[in-house]
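Reading the structure
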Amino acid sequence: MSISAGDPPVAFARYRDEIEAELRHILGPRESPLYDMLRYHLGWINESGEQISVTRGKSLRPVLCLLACSAETGDYTRALPAAAALELVHNFSLIHDDIQDNDAERHGRPTVWSIWGKSQAINAGTSMRILASLALDSLAHKGVTLDRQFRAHRLLDECSLSLIEGQYLDIDFESRFDITTSDYFTMISKKTACLITCALEMGAMLGTDDESHLEAFHQLGLALGLAFQVQDDILGIWGCSEDTGKPVYSDIRSHKKSLPIVYALERINAWQRNQFTQIYHDGMANTQEGIDTILGILDEIGARKAAEEMVEAYRIQALAVLDKIAIREEPRREMEDVTNFLARRNF
Ligand code: IPE
Ligand code: IPE
Ligand code: MG
Ligand code: MG
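A brief report on the enclosed structure follows.

Cut-off values and rules
Residues numbered from 1 in each chain as written. Chains lettered and ligands numbered in written order. Predicted model: local features only at pLDDT ≥ 70, side-chain atom pairs only at ≥ 80, totals over all residues. Heavy atoms only, no water. Donors = N, O, S within 2.8 Å, 3.2 Å for Na, K, Ca; no water. 1 Å grid on protein atoms, 1.4 Å probe; cavity = no way out; pocket = protein on both sides within 12 Å on 5 of 7 lines; lining within 4 Å. Points joined across faces, edges and corners; volume = space filled by probe spheres on them. Helix = DSSP H or I, 4+ residues; strand = E, 2+ residues; numbered from the N terminus. Nonpolar A, V, L, I, M, F, W, Y, C, P; charged D, E, K, R; others polar. Axes fitted to C-alpha atoms, helices over the stretch in contact; angles between N-to-C directions. Parallel < 35°, antiparallel > 145°, perpendicular 65-115°, else oblique. Left-handed = near helix turned anticlockwise from the far one by under 90°. Contact = heavy atoms within 4.5 Å. Buried < 20%, exposed > 50% of the residue type's maximum accessible area, 1.4 Å probe, protein only. Near = heavy atom within 4 Å. Polar contact = N/O pair within 3.5 Å; in protein donor to acceptor, adjacent residues only side chain to side chain. Areas by Shrake-Rupley, 256 points an atom, 1.4 Å probe, with all protein chains shown as cover. Salt bridge = Lys/Arg side-chain N within 4 Å of Asp/Glu carboxyl O.

Attention now moves to the coordination of the magnesium ion (ligand 3). Looking at the magnesium ion (ligand 3), the protein donor atoms are Asp97 (OD) and Asp101 (OD), and they sit 2.1 Å from it. In this structure, the magnesium ion (ligand 3) is positioned 3.1 Å from the magnesium ion (ligand 4), and both are ligated by Asp97.

See below:
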């Protein structure tokens, strides 16, 4: 399988305006310049505060949430506040992640910290996370019962904690060479798969009390989320920054134990291991020479092919779970399209 571009499935375009309207409703009345950093990050304004139209995020988590709710009830509208909350948690994590990963570019634009500094970017990210909780308050206006509102809050809080635990591991792994594939999957199931799982489970929970469905959506989210992050790791090394809007080789520069690196570390010989550790130890991962040496080792070990095969295996696993849930046919088909798109995306 090679990385090939493909247009996002129609569900992305169908829900885009309503997701954005919900987000604008939450941020709309807040006047402090603090919130302009959030509006900037979301691609609504430039750094001078002027309205602009630029490439934005994919809105994957809100789309999955709305599809899951639609799959249970045929009506996605009651889940719109949850969709907005998920997108806000996601963007909180991106603002903080760019500080933590020292990345100066996202969506092809300077990151919040690279314009306003790290201290203010922490404020931007933290306020984004709190707005996510406030966004869930609108569930009450959609006729969602108190029980379900409470459960939605709980899911969002637990998932946010798990995401931060994942970020903790991701950063801890930077200085370690003993990371196994199993450690890696524990880390990405927290930092990435958890929010994708939460999106599906939350959408379904707003439409059904059937716990077996929630469990199935949980399994679907896990498989999708793992495929998604391994693909992100592939794009971080062999992707094109014009497509991803993110700097290429950033993962190598910051000594990330992304899947291709972990796969290689588990298989390299003593000579290659010595090269690896020297490059990281001498700060060479920041130089083209060091990066080329690491790329050469990844190539010799077949790390790219192995990573692509893992994405494919999780894609198939996700489709198998989806096949077994007793839900409406049209949203199921659309979730299949989203699964296939995610495993083959180049951005
Ligand atoms: C990026 O997620 C962070 C990861 C979990 C890999 P997305 O690729 O969904 O981010 P945007 O919102 O579409 O930019
Ligand atoms: C993904 O982090 C998970 C979170 C942001 C919580 P990464 O660092 O792998 O994602 P990108 O590549 O910067 O989007
Ligand atoms: Mg990052
Ligand atoms: Mg990161």
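Considered as a void within the structure, the second largest pocket measures approximately 160 Å³ in volume. Taken together, Arg154, Leu155, Glu158, Cys159, Ser189, Ala193, Cys194, Thr197, Cys198, Glu201, His218 and Leu222 make up the full set of residues lining the second largest pocket. For the lining of the second largest pocket, the elements supplying multiple residues, two or more each, are α7 (146-173), α8 (181-205) and α9 (211-238). For the lining of the second largest pocket, the class distribution of residues is 6 nonpolar, 3 polar and 3 charged.

Attention now moves to the packing of helix α3 (residues 60-73) against helix α16 (residues 329-344). Where α3 contacts α16, the axes come no closer than 9 Å and their chain directions differ by 155°. Judged by the angle between their axes, α3 and α16 are roughly antiparallel. Considering the relative orientation of α3 and α16, their crossing is left-handed. Facing Leu60, Leu64, Leu67, Ala68, Ser70 and Ala71 of α3, the residues of α16 in contact are Pro331, Glu334, Met335, Val338 and Leu342.

A few words now on the coordination of the magnesium ion (ligand 4). On the protein side, the magnesium ion (ligand 4) has Asp97 (OD) and Asp101 (OD) as donor atoms, found 2.1 to 2.2 Å from it. For Asp101, a relative accessible area of 10% corresponds to the buried category.

Around ligand 2, the neighbouring residues are Ser93, Leu94, Asp97, Asp101, Arg106, Leu163, Gln167, Lys191, Thr192, Gln229, Asp232 and Lys246. Between ligand 2 and Arg106, the relevant distance is 2.9 Å, taken from an oxygen atom to a side-chain nitrogen or oxygen of the residue. Contacts to ligand 2 include Gln229, whose side-chain N or O atom sits 3.2 Å from an oxygen atom. Only α4 (80-100), α7, α8 and α9 provide two or more residues apiece to the shell around ligand 2. Sorting elements by how many residues they give to the shell around ligand 2 places α4 first, with 3 residues. Here the residues of the shell around ligand 2 sort into 2 nonpolar, 4 polar and 6 charged.

A word on the packing of α4 against α7. Across the interface, α4 lies against α7 with an axial gap of 12 Å and an inter-helix angle of 20°. When the axes of α4 and α7 are compared, the pair comes out roughly parallel. The two elements α4 and α7 cross, and the hand of that crossing is right-handed. On α7, the residues that touch Ala85, Leu86, Val89, Phe92, Ser93, Asp97 and Gln100 of α4 are Leu156, Ser160, Leu163, Ile164, Gln167 and Ile171. For the contact of α4 with α7, the residue count by class is 8 nonpolar, 4 polar and 1 charged.

Looking now at the site of ligand 1. Surveying the vicinity of ligand 1 reveals the residues Gly57, Lys58, Arg61, His90, Leu94, His107, Thr192, Phe228, Gln229 and Asp232. In the model, an oxygen atom of ligand 1 is placed 2.8 Å from a nitrogen or oxygen of the Arg61 side chain. For ligand 1, an oxygen atom lies 2.8 Å from a polar atom in the side chain of His90. Burial of ligand 1 by the surrounding chains reaches 90%, relative to a free accessible area of 390 Å². Those elements giving two or more residues to the shell around ligand 1 turn out to be α4 and α9. Here the shell around ligand 1 gets 3 residues from one element, more than from any other, and that element is α9. Here the residues of the shell around ligand 1 sort into 2 nonpolar, 5 polar and 3 charged.

This part is about the environment of Thr145. On the secondary structure map, Thr145 appears in the loop between α6 (118-135) and α7. As a C-alpha pair, Thr145 and Pro29 span 116 residues in sequence and 27 Å in three-dimensional space.

Under the counting rule described, the total for this entry stands at 25 salt bridges. For the salt bridge of Glu329 with Arg332, the shortest nitrogen-to-oxygen distance reads 3.2 Å. Within this pair, Glu329 and its partner Arg332 are both found in helix α16, separated by 3 residues, close to a single helical turn. Judged by relative accessible area, which is 52%, Glu329 ranks as exposed. Salt bridges linked by common partners bring Asp101, Asp170, Glu174, Lys191 and Lys256 together as one network.

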